[in-house]
Amino acid sequence: MTTELTPGDDWLELRQAAVASAGLAYAPYSNYPVGAAARTSDGRMLSGCNVENASYGLTLCAEAGLISALFAAGGGRLAQFCCVDGAGHLITPCGRCRQLLWEHGGPDLIVWSPAGLLPMTELLPQAWGFDD
């Protein structure tokens, strides 16, 4: 069951930050830039972009860059998140990145996805956590 939430100005600001980050991506192999942005529970905004490598296995996802930025800025918990492609369209994080987001936002993290604003519990049901 999808939660009915409506994105407001704070979400539009977050999406603009993700679009700006996608513009900074290094994606010469896939030509698929991705930008991610999040707001922490204490109101800070963070962003990240994908950084590719000739060995795809070493490519850094935008979400991983964002989590690194979270810790570089002193840590905390993610409260709101979105990611976009190079054209600014909302995209959904892959499974690996959903787990990263769960680790640092948990079930209360809200994600703006192509299906609307969703809690992490809908994007990653029965997620693994510290107790697992």
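Our subject is the structure that appears above.
Residues numbered from 1 in each chain as written. Predicted model: local features only at pLDDT ≥ 70, side-chain atom pairs only at ≥ 80, totals over all residues. Heavy atoms only, no water.

## Quick word on the pairing of strand S2 (residues 45–49)
Note: strand S1 (residues 34–40) against S2, five bridges, orientation antiparallel. Paired with glycine 35 across the bridge in S2 is cysteine 49. Connecting S1 to the next strand, S2, in antiparallel fashion are four residues, including glycine 43 with a positive phi near 95°. (Pairing = 2+ DSSP bridges. Helix = DSSP H or I, 4+ residues; strand = E, 2+ residues; numbered from the N terminus.)

## Here we look at unusual backbone geometry
One non-glycine residue, asparagine 31, lies in positive phi territory at about 55°. Relative to the helices and strands, asparagine 31 resides in the loop between helix H1 (9–22) and S1. Within the chain, glutamine 126 stands out as a residue other than glycine whose phi angle is a positive 55°. Relative to the assigned elements, glutamine 126 resides in the segment after helix H4 (120–123).

## Regarding the pattern of salt bridges
Working definition: two side chains of opposite charge can pair if their charged atoms are close together. The tally for this structure, following the rule as stated, stands at two salt bridges. We note a salt bridge from glutamate 13 to arginine 39, for which the minimum N-O separation is 2.8 Å. Residue glutamate 13 is located in helix H1, and its partner arginine 39 is located in strand S1; the two are separated by 26 residues in the primary sequence. For glutamate 13, a relative accessible area of 42% puts it in the partly exposed group. (Salt bridge = Lys/Arg side-chain N within 4 Å of Asp/Glu carboxyl O. Buried < 20%, exposed > 50% of the residue type's maximum accessible area, 1.4 Å probe, protein only.)

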